Amino acid sequence: MGKAFVIGIAGGSASGKSTLAEKLKEALPSLELCLMHMDSYFKPAEERAMIEAPVTGIPYRDDNHPSSFHLAELRQDLTEAIGNGQYQVILVEGLLTLWDKEILELLDLRLFVECRPDERIVRRLRRNMQRGLSFDEIADVYLDLVRYRHDEYVEPSKWQADLIINGSNPSERALELVTSYVKASL
């Protein structure tokens with residue numbers, strides 16, 4: 001095998017990043033593929049910074065800041081996966097995939113999943129309530145912190161993307177375009 005084709009997928013919280021990554025994985029069944037989730041590189045909760053919300057001043061553990069992740073470990077694991085010759089395609093998905101310059105340099109294709117904020121918060125509410133959090137807990141942290149971090153780190157990274165994917169209504173055509181490009185690039 002030659003060098004792996006590396007795809008980065010970024011987007012806001014609950015925009016559809018993981019869903020797109022899974023659909024790409026399913027659409028490329030004949031290829032040796034590695035899927036890396038940035039969430040797997042969260043630092044332990046006690047190592048993540050506490051921050052006061054900009055408006056309310058309420059303290060929160062900051063899960064949406066670059067310092068909350070072991071980015072150096074992710075870069076190392078990605079570099080090793082690229083270099084070991086085991087994979088034809090590597091997918092890396094997460095909030096900050098297009099934010100980190102060193103990760104960005106390793107990507108052959110950069111995707112950003114765009115989804116309106118109101119839809120993302122509803123998705124986040126549904127997902128996190130299934131995990132046992134209350135409506136108020138989820139809404140408070142989103143309104144007090146997550147949306148500010150999105151504006152600070154995630155949204156500006158969109159301009160690093162080669163292609164912006166509709167996370168509200170992902171089309172089969174977009175999936176076909178990406179998979180065709182990947183196959184043609186191998």
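Look up: the structure comes first, before these words.
The rules behind each value
Residues numbered from 1 in each chain as written. Predicted model: local features only at pLDDT ≥ 70, side-chain atom pairs only at ≥ 80, totals over all residues. Heavy atoms only, no water. Pairing = 2+ DSSP bridges. Helix = DSSP H or I, 4+ residues; strand = E, 2+ residues; numbered from the N terminus. Axes fitted to C-alpha atoms, helices over the stretch in contact; angles between N-to-C directions. Contact = heavy atoms within 4.5 Å. Buried < 20%, exposed > 50% of the residue type's maximum accessible area, 1.4 Å probe, protein only. Salt bridge = Lys/Arg side-chain N within 4 Å of Asp/Glu carboxyl O. Parallel < 35°, antiparallel > 145°, perpendicular 65-115°, else oblique. Left-handed = near helix turned anticlockwise from the far one by under 90°. Nonpolar A, V, L, I, M, F, W, Y, C, P; charged D, E, K, R; others polar. Polar contact = N/O pair within 3.5 Å; in protein donor to acceptor, adjacent residues only side chain to side chain.

Chemist: Just to check I follow, could you spell out the sheet that holds strand E5 (residues 89–93) for this structure?
Modeler: Either a parallel or an antiparallel arrangement is found when strands of a sheet pair, and the pairing is made through backbone hydrogen bonds. The parallel open sheet is built from 5 strands, whose spatial order is E2-E5-E1-E6-E7. Each edge of the sheet is formed by a strand with only one pairing partner; in this case those strands are strand E2 (33–37) and strand E7 (163–166). Here the strands of the sheet are splayed against their neighbours by 20 degrees on average, with no regard to which way each runs. Looking at chain direction, strand E1 (residues 5–11) and strand E6 (residues 109–114) are connected through 5 bridges and run parallel. The residue of E6 that forms the bridge with Ile7 is Leu109. Here helix H6 (residues 172–185) sits on the sheet in contact with E1, E5, E6 and E7, set at roughly 155 degrees to E1.

Chemist: Honestly, the side chain of Ser15 in this entry has me stumped. Any pointers?
Modeler: Checked against the element boundaries, Ser15 lands in the loop between E1 and helix H1 (17–27). Its relative accessible area of 0% is what places Ser15 among the buried residues.

Chemist: Got a minute to help me understand the pattern of salt bridges in this structure?
Modeler: Close approach of charged atoms allows side chains with opposite charge to pair. Tallied over the full model, the rule gives 11 salt bridges. Close ionic contact of Glu152 with Arg149 constitutes a salt bridge, the shortest N to O distance being 2.5 Å. Note that Glu152 and Arg149 are positioned in helix H5 (residues 135–157) at a spacing of 3 residues, about one turn of the helix. By relative accessible area, which is 9% here, Arg149 ends up buried. Here Lys158 ties to Glu155 by a salt bridge, and the two come within 2.7 Å at their closest N and O atoms. Looking at Glu155, the relative accessible area reads 23%, which means it is partly exposed.

Chemist: Any chance you could explain the packing of H1 against H6 here in plain terms?
Modeler: Relative orientation and spacing of two packed helices are given, respectively, by the angle between their axes and the distance between those axes. With their axes 10 Å apart at the nearest point, H1 and H6 run at an angle of 55 degrees to one another. Our classification of the angle between H1 and H6 gives oblique. Like other packed secondary-structure pairs, H1 and H6 cross with a definite hand, here right-handed. Residues Leu20, Lys23, Leu24 and Ala27 of H1 form the contact with H6, whose participating residues are Leu175, Val178, Thr179 and Lys183. Its residues assigned to classes, the contact of H1 with H6 comprises 5 nonpolar, 1 polar and 2 charged.

Chemist: I tried to follow the environment of Thr179 on my own but got confused; where do I start?
Modeler: Inspection of the secondary structure assignment puts Thr179 in helix H6. Residue Thr179 is classed as buried on the basis of its relative accessible area, which comes to 8%. Sequence-wise, Thr179 and Lys25 are 154 residues apart; in three dimensions their C-alpha atoms are separated by 9.5 Å. Dropping the residues within four chain positions of it, Thr179 is found in contact with Leu24, Ala27 and Leu28. A distance of 3.1 Å separates a polar atom in the side chain of Thr179 from the backbone oxygen of Glu176.

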